[in-house]
Amino acid sequence: MASADGERKYDLIVFGASGFTGQFVVEELARIEEEESGMRWAIAGRSQDKLDAVLQEVAYTTGKKLKNVEVVIANVNDNQSMDAMCQQAKVLLNCVGPYRFYGEQVVRACVENGCHHLDISGEPQFLEGIQLNYNQKAKEAKVYVVGACGFDSIPADMGVCYTKKEFPGVLNTIEGYLSGDSGPEGSAGHFATWQSAIHGFANAGELIKLRKQFKHQPMPKFEPRLQKRGAVFFSNERQRWSMVFPGADSSVVRRSQRYIYENQEERPAQFGAYVTTSSFFSLVQLIFLGFIFSTLAKFGFGRSLLEKFPRFFSCGFFSHEGPTRKQMEGTTFTWNFYSEGFSDKDKTKPDVRMATQVTGPEPGYIATPIAIVQAALVVLNEPDKLPQGGGVFSPGAIFNKTSLVDRLNQHGIKFTITSAAQPITAK
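In this text, all values refer to a predicted model and were calculated from it rather than measured experimentally.

Basis of the calculations
Residues numbered from 1 in each chain as written. Predicted model: local features only at pLDDT ≥ 70, side-chain atom pairs only at ≥ 80, totals over all residues. Heavy atoms only, no water. Pairing = 2+ DSSP bridges. Helix = DSSP H or I, 4+ residues; strand = E, 2+ residues; numbered from the N terminus. Axes fitted to C-alpha atoms, helices over the stretch in contact; angles between N-to-C directions. Buried < 20%, exposed > 50% of the residue type's maximum accessible area, 1.4 Å probe, protein only. Parallel < 35°, antiparallel > 145°, perpendicular 65-115°, else oblique. Left-handed = near helix turned anticlockwise from the far one by under 90°. Contact = heavy atoms within 4.5 Å. Nonpolar A, V, L, I, M, F, W, Y, C, P; charged D, E, K, R; others polar. Expected span 1.5 Å × (residues − 1).

*Asks:* Report on the sheet that holds strand 5 (residues 116-119), specifying residues and quantitative values.
*Replies:* Where strands meet in a sheet, backbone hydrogen bonds hold them as pairs that are either parallel or antiparallel. Read from one edge of the open sheet, seven strands run 3-2-1-4-5-6-15, paired in parallel fashion. Each edge of the sheet is formed by a strand with only one pairing partner; in this case those strands are strand 3 (70-73) and strand 15 (391-393). Each adjacent strand pair in this sheet contributes to an overall mean axis angle of 20 degrees, direction not counted. Across three bridges, strand 6 (residues 144-146) lies against strand 15 in parallel orientation. When the sheet's bridge partners are listed, valine 146 is paired in strand 15 with phenylalanine 393.

*Asks:* Which residues make up unusual backbone geometry, and what are the values?
*Replies:* A cis amide bond links glycine 97 with the next residue in sequence, proline 98, at an omega value of -5 degrees. For the peptide bond that leads from aspartate 152 to serine 153, omega is 5 degrees, which places it in the cis range. Checked against the element boundaries, serine 153 lands in the loop between strand 6 and helix 6 (154-166). Unlike most non-glycine residues, lysine 142 shows phi in positive territory, near 55 degrees. Relative to the helices and strands, lysine 142 is located in the loop between helix 5 (124-141) and strand 6. Among the residues examined, lysine 142 registers a relative accessible area of 61% and is labelled exposed. You will see that alanine 148, though not glycine, has its phi angle at about 60 degrees, which is positive.

*Asks:* Mind laying out the packing of helix 1 (residues 20-32) against helix 14 (residues 363-381), listing which residues take part and the relevant values?
*Replies:* At a minimum axis distance of 8 Å, the contact between helix 1 and helix 14 shows a crossing angle of 55 degrees. The angle between helix 1 and helix 14 places the two elements in the oblique class. Crossing hand, helix 1 versus helix 14: right-handed. Residue-level inspection shows Phe20, Thr21, Phe24, Val25, Glu28, Leu29 and Ile32 of helix 1 in contact with helix 14, the latter providing Gly364, Tyr365, Thr368, Pro369, Ile370, Ile372, Val373, Gln374 and Leu377. Residues of the contact of helix 1 with helix 14, tallied by class, amount to eleven nonpolar, four polar and one charged.

*Asks:* Explain helix 4 (residues 99-112) to me, and be specific about the residues and the numbers.
*Replies:* With 14 residues, helix 4 extends 19 Å between its outermost C-alpha atoms, agreeing within 8% with the 20 Å of an ideal straight helix rising 1.5 Å per residue. Turning to helix 4, its buried residues number three or more, namely Tyr99, Gly103, Val106, Val107, Arg108, Ala109, Cys110 and Val111. The elements touched by buried residues of helix 4 are strand 1 (10-15), helix 3 (79-86), strand 4 (89-94), strand 5, helix 5 and strand 6. Glycine 114, located one to two residues past helix 4, shows a positive phi value of around 70 degrees.

Below, the structure written as structure tokens:
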């Protein structure tokens, strides 16, 4: 095991298990428990009653007996309880968000107590702030801290890694297009995701200042450069109206590609992330809602309105109740990746293209639990394939040489080649 000092009572602890996403992570662990012989795990949070209720509900839903799954009481505002929790676990699955408010306390406890930490944050400021402030501490403690291990951003980040491995030559650029489909019940999101987005937009200026503190060496300007897209455009590849994807994926992929370039001497892939819409009307609606959202998020009063009336300002998508199980069962996502590169390293003009795809179930509460659980099991079971010495990592940086893609393929998140490599014909 890649764990910390000595034997621990638990291999895994799910922290925040009574939260909306946390309970689905517990479900996923219950489903795959028999695949991992001898795995010891527990759930953690503030309330014994709520945690007991989660175990009862998960046992009923999955049909699994969870009598051996114990409960640990811990509160992010109580350092002693956090330390005690982290001293018992090899890997902590942190599901307590928004991470800008509650994340650092958990990372601190993990690093100081020798417990590896994975989270499902899609908040670039938190993710990069943790890298800036805890990377050296994590290295000294030989602890792995891995952010963005849910739908944000394992499908995109590992999709880029998968494409690089499958590309027959030197990969130069990748454009990723995200789309989603829902059944007759529609799709929905939970308030916690909405709240994270509000405060992320509100503090976007801080991210620029934060990035300057890294003092990175400039990356080489590999040619040709990734095509610059407008904020809104019609994609010939997808035959749909598209826009720049405002999520964390682009920044996470850039971090992974920088790490791979600096530590493994691989040429980094240039990556652009976009989201497609079903019609021009849907695109206009998204732009309008995005304008209202971003404007209100800049002001305290506006943020209060957004938090008080999530259903109204998201046209019914976000709520405190979140999606129903029927909605989740009918929802899927697809990332389509279009890549170009060189058949050999001496070429100066791209002459090969290929298309790959990552598909999966409902992103927030089915795919996210699958992703973080499988990532945690890789940390437990494949220490020899991880970067040596600990530190703060993005998924592609730490899992690039592991079996994570294979594991995800076996559990419902599929990585495939949709169009084999072929020559680029001259126009």
